[in-house]
Amino acid sequence: MRCQRSLRGSPYMAILLLVTLCLTEVINASDIVHDKNNENVMNGSNNLRHRDEEARKGICSQRGRDYGDEELYKTHPVLCQMLDRLEEDMDGLAQELTEFARNAGLLVGESWTFPSHNNHQLNNYRSPKNQNQLPVVFAHGMGDSCFNSGMIHIGNHTSSLLNNVYVTCIPTGNTQSEDTTNGYFLNMDASVDVFADKVAKDPHLQKGFHAVGLSQGNNIIRGYIARYNTPTVHTFLSINGVNAGEGTVPGCFPDMTQNNEKYFQLGGICDMLLEQASRRAYTEFAQEHSFQANYWRDPRRKEQENYFKYSQLARWNNEGPNNNNATLNENYAKTERFVWVKATEDGMVWPKEGEQWGCPDPDNPFENILPMNETEWYQKDLFGLKTAQEAGKNYFEQFVGDHLQFSMEDFDRWITTYLMETNGNDKHIRIEEQEEATTKLL
């Protein structure tokens, strides 16, 4: 099964652990420092203890004083090493991250066969035949880039499906390397700010647009809707979005048909790994420098206080006693349609039901997944999800397969069903059919 790749430790998930939640830091940093056999660990870095403080030019040595912590290399050794590499060799690091994503089959559109006229330029614009058709904006997933051929081709393909309308992919960096690495080391809020600035400066988007997110690219679009949404996103097509956060680590994806108590009980292996992940993710430093740490959502009640305190996702969701931003609800209400696409065998996002706003039951998180309408964020309408549902704005799709492994036929159907403006009744019929499917899912 395709989903087994992530459960067995795919390269993609290895880099996710390495860069974000720093699970390799389960080993005490002092052990790494003292072990002479590990002098070349972490891509040939020198022994951490013997690094000259004055010679450090990495972000951690700069930021340590800002946080009142001179020992970030001990508390976040892996993240610090990666940030240093980012400063020293962004292009080399970006190439590695791209290759990880390619090996895992996560560079969207790269393996598809496109028409020969599909060119290799970003921002291909031709006058639309249908003047009522809104433009489309893409946000790519982790390890990908708007400058990669797959994203360029899928954008041009979308334009051809919608009568040659303007389609663009908005990068969070100005080069392929910067865009790729920002998907790891530029936090969600900062990424949204870059996205919003580029939307505001694009004359083709000023009357509104449709938005298509892929994997964590959905966090950028969702964040834009929550915090800005002017110009307004009319329809948000979320494909395998980490909308409800990432709730566990590879190798600890609960099989909901088996008893996982021995792994998740206090002191179990997965309990230990989750504790380490949360310890690294729920800090000011990690939240500022790791996109993935921003959507880490430990489902265990004992970590809720830290999640509420540190997580950017918690703020966007209005979760916790100190998060109550009515503007998030107001902005969310401006969008007319939300399409939530789930991969039935997703081995990257847990729970996969989170792609459609389900979440682990806080009282029994690894045995019971709540559907959207039973979650707290829905029932209390924390950010506008319930209001959107009652207004008939939510639509639900799914495909059989692993994370982002949808077919071109699936993609074409979603685009023409939800984003194509028509003058007849065919669009109404298509949407009506999806409303019937949505009713069955809820």
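Everything here concerns the structure above.
Residues numbered from 1 in each chain as written. Predicted model: local features only at pLDDT ≥ 70, side-chain atom pairs only at ≥ 80, totals over all residues. Heavy atoms only, no water.

### A closer look at the pattern of salt bridges
Per the stated rule, a full pass over the model turns up 16 salt bridges. The closest approach of N and O atoms between Glu 275 and Arg 279, which form a salt bridge, is 3.2 Å. Of this pair, Glu 275 and Arg 279 are both found in helix α14 (residues 269–281), four residues apart, which corresponds to roughly one turn of the helix. Among the residues examined, Glu 275 registers a relative accessible area of 30% and is labelled partly exposed. With a closest N to O distance of 2.7 Å, Arg 297 and Glu 319 form a salt bridge. Residue Arg 297 is located in the loop between α16 (291–294) and α17 (304–310), and its partner Glu 319 is located in the loop between α18 (312–317) and α19 (326–332); the two are separated by 22 residues in the primary sequence. This pair shows no difference in class: Arg 297 is buried, exactly as Glu 319 is. Sharing partners across several salt bridges, the network here consists of Asp 189, Asp 193, Arg 227 and Arg 315. (Salt bridge = Lys/Arg side-chain N within 4 Å of Asp/Glu carboxyl O. Helix = DSSP H or I, 4+ residues; strand = E, 2+ residues; numbered from the N terminus. Buried < 20%, exposed > 50% of the residue type's maximum accessible area, 1.4 Å probe, protein only.)

### Thoughts on the packing of aromatic side chains
If you walk through the whole model with that rule in mind, you get 23 aromatic pairs. Ring centres of Phe 195 and Tyr 224 lie 5.4 Å apart, and the angle between their planes is 70°; this geometry places the pair in the edge-to-face category. Pair noted here: Phe 195 is in helix α11 (residues 188–201) and Tyr 224 is in helix α12 (residues 217–227), with a separation of 29 residues, a long-range link. Given a relative accessible area of 1%, Phe 195 falls into the buried group. Given the relative accessible area of 1%, Tyr 224 is considered buried. Note that Arg 222 overlies the ring of Phe 383, its terminal NZ or CZ placed 4.6 Å from the centroid. (Phe/Tyr/Trp six-rings, centres within 6.5 Å; stacked < 30°, edge-to-face > 60°. Lys NZ or Arg CZ within 6 Å of the ring centre and 35° of its normal.)

### Some words on the side chain of Thr 98
Position of Thr 98 among the secondary structure elements: in helix α8 (residues 90–103). Judged by its relative accessible area of 7%, Thr 98 falls in the buried class. When sequence neighbours within four positions are dropped, the list of residues in contact with Thr 98 reads Leu 107, Gly 143, Asn 148, Gln 176 and Thr 180. (Contact = heavy atoms within 4.5 Å.)

### Digging into the nonpolar core
Counting 90 residues, the largest nonpolar core has Phe 138, Ile 239, Tyr 332, Trp 357, Trp 377 and Phe 406 as the members making the most contacts within it. When near neighbours in sequence (up to four residues on either side) are disregarded, Trp 357 contacts Arg 222, Asn 243, Ala 244, Asn 317, Tyr 332, Trp 340, Met 372, Thr 375, Trp 377, Phe 383 and Leu 385. Listed in part, the 15 residues of the second largest apolar core include Cys 60, Leu 83, Met 142 and Tyr 184. (Core = buried A, V, L, I, M, F, W, Y, C linked by side-chain atoms within 4.5 Å.)

### What about the pairing of strand β4 (residues 233–239)?
Put simply, side chains in a regular strand alternate between the two faces of the sheet. Along β4, six of the seven residues are buried, which leaves the element largely enclosed by surrounding structure. Here strand β3 (residues 209–214) runs beside β4; their pairing, made up of five bridges, is parallel. Bridging across to β4, Ala 211 finds its partner in Phe 236. You can see the chain leave β3, run along α12 and come back into β4, and the turn it takes is right-handed. With five bridges joining them, β4 and strand β5 (residues 337–343) adopt parallel strand pairing. Residue pairing for β5: Ser 238 is matched across the bridge by Trp 340. (Pairing = 2+ DSSP bridges. Right-handed = clockwise from strand over helix to strand, strands pointing away.)

### A closer look at the sheet that holds β4
A sheet is described by the order of its strands in space; here six strands give the open sequence β2-β1-β3-β4-β5-β8, paired in parallel fashion. A strand with exactly one partner marks an edge of an open sheet, and here the two such strands are β2 (167–169) and β8 (394–399). Along the sheet, successive strands turn relative to each other by an average axial angle of 15°, direction set aside. Relative to β8, β5 runs parallel, the two being bridged by six bridges. What sits directly across from Trp 340, in β8, is Phe 396. Contacts from helix α22 (residues 408–418) reach β1 (136–139), β3, β4, β5 and β8, with the element oriented near 165° to β8. (Axes fitted to C-alpha atoms, helices over the stretch in contact; angles between N-to-C directions.)

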